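# Observations on the three-dimensional arrangement
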Amino acid sequence: MVKIILKSGKEQSLLRFHPWVFSGAIKKIEGSPAEGDLVEVFSVSNDFLAIGHYQVGSIAVRIVSFSQVDINDLFWKTKLQKAFQMRKSIGLAENPQTNVYRLVHGEGDGLPGLIIDIYNDTAVMQMHSIGMYRIREQLAKALKDIYGDQLVAVYDKSAATIPFKANVGAKNEYIWGESQPAEVLEYGNKFRVDWIEGQKTGFFIDQRENRKLVEFYAKDRSVLNVFGYTGGFSVYALRGGAKLVHSVDSSEKAIELTNQNVASNFTDTPHEAFAVDAFEYLNKIENQYDLIILDPPAFAKHQSALKNALQAYKRINARAISKIKPGGILFTFSCSQVVGKEQFRQAVFSAAAIAKREVRILHQLTQPSDHPVNIYHPEGEYLKGLVLYVE
Ligand code: SAH
């Protein structure tokens, strides 16, 4: 195996189990690794540190093991089995009310570069590293062994997430079996998920618990769900007894699915969906809503976009806080990894000050238990939410 030797002192983060080696930390590479190869990482004094996938870029090695073990079929299968056991023990796998969950959350499950979402009988894999991409067949086979007949297909949706420079020709395809876009259950609510045409792996599984909280607060309120995608929050608000629910998303397809999702859960319900730009919609609202949800896409995907992103968060939140009815509740989120918890809170604080309303924080929200954060990799905490009571 190719040997990577770190500069003096650069072993510290690996000794604290952080799973990334930055290219700037490397002193010498003994051998010439191809992208995605497994490499062994050593300190300058030749002590073994870890094994990981090599890739050209600022993160040069993504660690898969801190022990010098054989990385074979059994190694990967054991990792997936551990992820499955964990989901089972937190009441997610094998739950008749919720058959959609994240099985593997990258670094959070000791598998940097790998996402696996389960939609009832279909697993959708999304690889973010060449190393994981190259072993996708092995991973699919392990999934099949773990789930048995419960699983009918494994779909690979990595075309947009694998660095294109690597030229591995990633395309979206079934790598085992075949299935149709399906209706899944989340806390008993029905949602149609299309992993082929939909965004991400098809559904924003990470908002499950936060949707439940919306259900709790929705009774007799007029609800506006902005950046609603396929209506996740809207369905929960309706189940919670909302007086009316308006869903807004710029994607026509998402709005179509929102209407379908509402229809498959309720008959004759006070809901309307609009395929319009959220910024324009927010500019037009008056004080007709007393529960507003703002769940925008990641405004900053890279550090360079941070300043503009914070401005955008401030702008939409100021708008919502100014217009919400007295006694109204605002659920506001950021899923940008580069926006820190404090920075997001600061942006919302500035928004409140612009609106000059009395605002209290009721809840501080984050991602759910099937999107765990590896304690040695705090960067894995990406979803931030605040629930505000606006006087
Ligand atoms: N709340 C959703 C997930 C939101 S993802 C859920 O619970 O499932 C972000 C959504 O914002 C996407 O559906 C995307 O289509 C939409 N979006 C992006 N830019 C937008 C804009 N300018 N106006 C309205 N919607 C937008």
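Residues numbered from 1 in each chain as written. Predicted model: local features only at pLDDT ≥ 70, side-chain atom pairs only at ≥ 80, totals over all residues. Heavy atoms only, no water.

### Regarding the domain arrangement of the protein
- Domain parsing of the protein yields domain 1 (2–65), domain 2 (73–184) and domain 3 (204–390).
- A straight line from the C-alpha centre of domain 1 to that of domain 2 covers 26 Å.
- Summed over both partners, the interface of domain 1 with domain 2 buries about 1,000 Å², with 58% contributed by carbon and sulfur atoms.
- Area buried by domain 1 at its contact with domain 2 is led by His53, Gln55 and Val64, which between them contribute 45% of it.
- Between arginine 134 and aspartate 37 there is a salt bridge; the shortest N-O distance is 2.9 Å.
- Linking domain 1 to domain 2 there are five residue pairs in polar contact (both at pLDDT 80 or more). (Domains from an automatic or database assignment. Buried area = accessible area lost by both parts, 1.4 Å probe. Salt bridge = Lys/Arg side-chain N within 4 Å of Asp/Glu carboxyl O. Polar contact = N/O pair within 3.5 Å; in protein donor to acceptor, adjacent residues only side chain to side chain.)

### Observations concerning helix 4 (residues 136–147)
- In this model helix 4 runs 16 Å from its N-terminal to its C-terminal C-alpha over twelve residues, within 8% of the 16 Å that 1.5 Å per residue would give.
- Within the span of helix 4, buried status applies to Arg136, Leu139, Ala140, Ala142, Leu143, Ile146 and Tyr147. Seen along its axis, helix 4 keeps its buried residues to an arc of 160°; they face one direction. What points out from helix 4, more than 90 degrees from its buried face, is the exposed set Glu137 and Lys141.
- Positive backbone phi, at 60°, marks glycine 148, one or two positions downstream of helix 4. (Helix = DSSP H or I, 4+ residues; strand = E, 2+ residues; numbered from the N terminus. Expected span 1.5 Å × (residues − 1). Buried < 20%, exposed > 50% of the residue type's maximum accessible area, 1.4 Å probe, protein only. Arc of directions from axis to C-beta.)

### What to know about the sheet that holds strand 9 (residues 122–127)
- Within the open sheet, the five strands sit side by side as 7-8-9-10-11. Their pairing is mixed. Edge positions in the open sheet fall to strand 7 (100–105) and strand 11 (173–177), since each of these has one partner strand only. In this sheet, adjacent strand axes meet at a mean angle of 20° when their direction is disregarded.
- Taken strand by strand, helix 2 (residues 73–89) contacts strand 7 and strand 8 (114–119), and its axis lies near 140° from that of strand 7. (Pairing = 2+ DSSP bridges. Axes fitted to C-alpha atoms, helices over the stretch in contact; angles between N-to-C directions. Contact = heavy atoms within 4.5 Å.)

### Notes on the packing of helix 5 (residues 208–217) against helix 6 (residues 232–239)
- Contact geometry for helix 5 and helix 6: axes closest at 7 Å, N-to-C directions at 35°. With respect to the hand of their crossing, helix 5 and helix 6 are arranged in right-handed fashion. Of helix 6, the residues touching helix 5 (which contributes Asn210, Arg211, Lys212, Val214 and Glu215) are Gly232, Phe233, Tyr236, Ala237 and Arg239.
- By residue class, the composition of the contact of helix 5 with helix 6 is four nonpolar, two polar and four charged. (Left-handed = near helix turned anticlockwise from the far one by under 90°. Nonpolar A, V, L, I, M, F, W, Y, C, P; charged D, E, K, R; others polar.)

### What about the pairing of strand 15 (residues 244–249)?
- A large share of strand 15 lies buried, amounting to five of its six residues.
- One ladder, built from five bridges, connects strand 14 (residues 222–226) with strand 15; its direction is parallel. Across the sheet, residue valine 226 finds its bridge partner in strand 15, namely valine 248.
- Pairing analysis gives five bridges linking strand 15 to strand 16 (residues 271–275), with the strands arranged parallel. Opposite valine 245, over in strand 16, you have histidine 271 as the bridge partner.
- At this point the chain moves from strand 15, through helix 7 (residues 252–265), to the parallel strand 16, and the crossover so formed is right-handed. (Right-handed = clockwise from strand over helix to strand, strands pointing away.)

### Here we look at the site of the ligand
- The environment of the ligand is made up of 16 residues, and the closest members are Arg211, Asp249, Asp277, Ala278 and Asp295.
- At 3.1 Å from a nitrogen atom of the ligand is found a main-chain nitrogen or oxygen belonging to phenylalanine 227.
- A distance of 2.7 Å separates an oxygen atom of the ligand from a polar side-chain atom of aspartate 249.
- Relative to its unbound accessible area of 580 Å², the ligand is 89% covered by the protein chains.
- Its residues placed into classes, the shell around the ligand shows eight nonpolar, four polar and four charged. (Near = heavy atom within 4 Å. Areas by Shrake-Rupley, 256 points an atom, 1.4 Å probe, with all protein chains shown as cover.)

### What about the packing of aromatic side chains?
- If you walk through the whole model with that rule in mind, you get 20 aromatic pairs.
- Measuring from ring centre to ring centre gives 5.1 Å for phenylalanine 17 and tyrosine 376, while their planes differ by 55°; the resulting arrangement is tilted. Placement of the pair is phenylalanine 17 in the loop between helix 1 (12–15) and strand 2 (20–22) and tyrosine 376 in the loop between strand 19 (359–365) and strand 20 (384–390), with a sequence separation of 359 residues.
- A relative accessible area of 35% places phenylalanine 17 in the partly exposed class.
- Note on tyrosine 376: relative accessible area 42%, which makes it partly exposed.
- An aromatic cluster of at least three residues, connected via ring pairs, comprises Phe227, Phe279, Phe299, Tyr313 and Phe344.
- The ring of phenylalanine 233 is capped by arginine 211, whose NZ or CZ atom sits 5.8 Å from the centre of that ring.
- Positioned above the aromatic ring of tyrosine 187 is the side chain of lysine 212, whose terminal nitrogen or guanidinium carbon lies 4.9 Å from the ring centre. (Phe/Tyr/Trp six-rings, centres within 6.5 Å; stacked < 30°, edge-to-face > 60°. Lys NZ or Arg CZ within 6 Å of the ring centre and 35° of its normal.)

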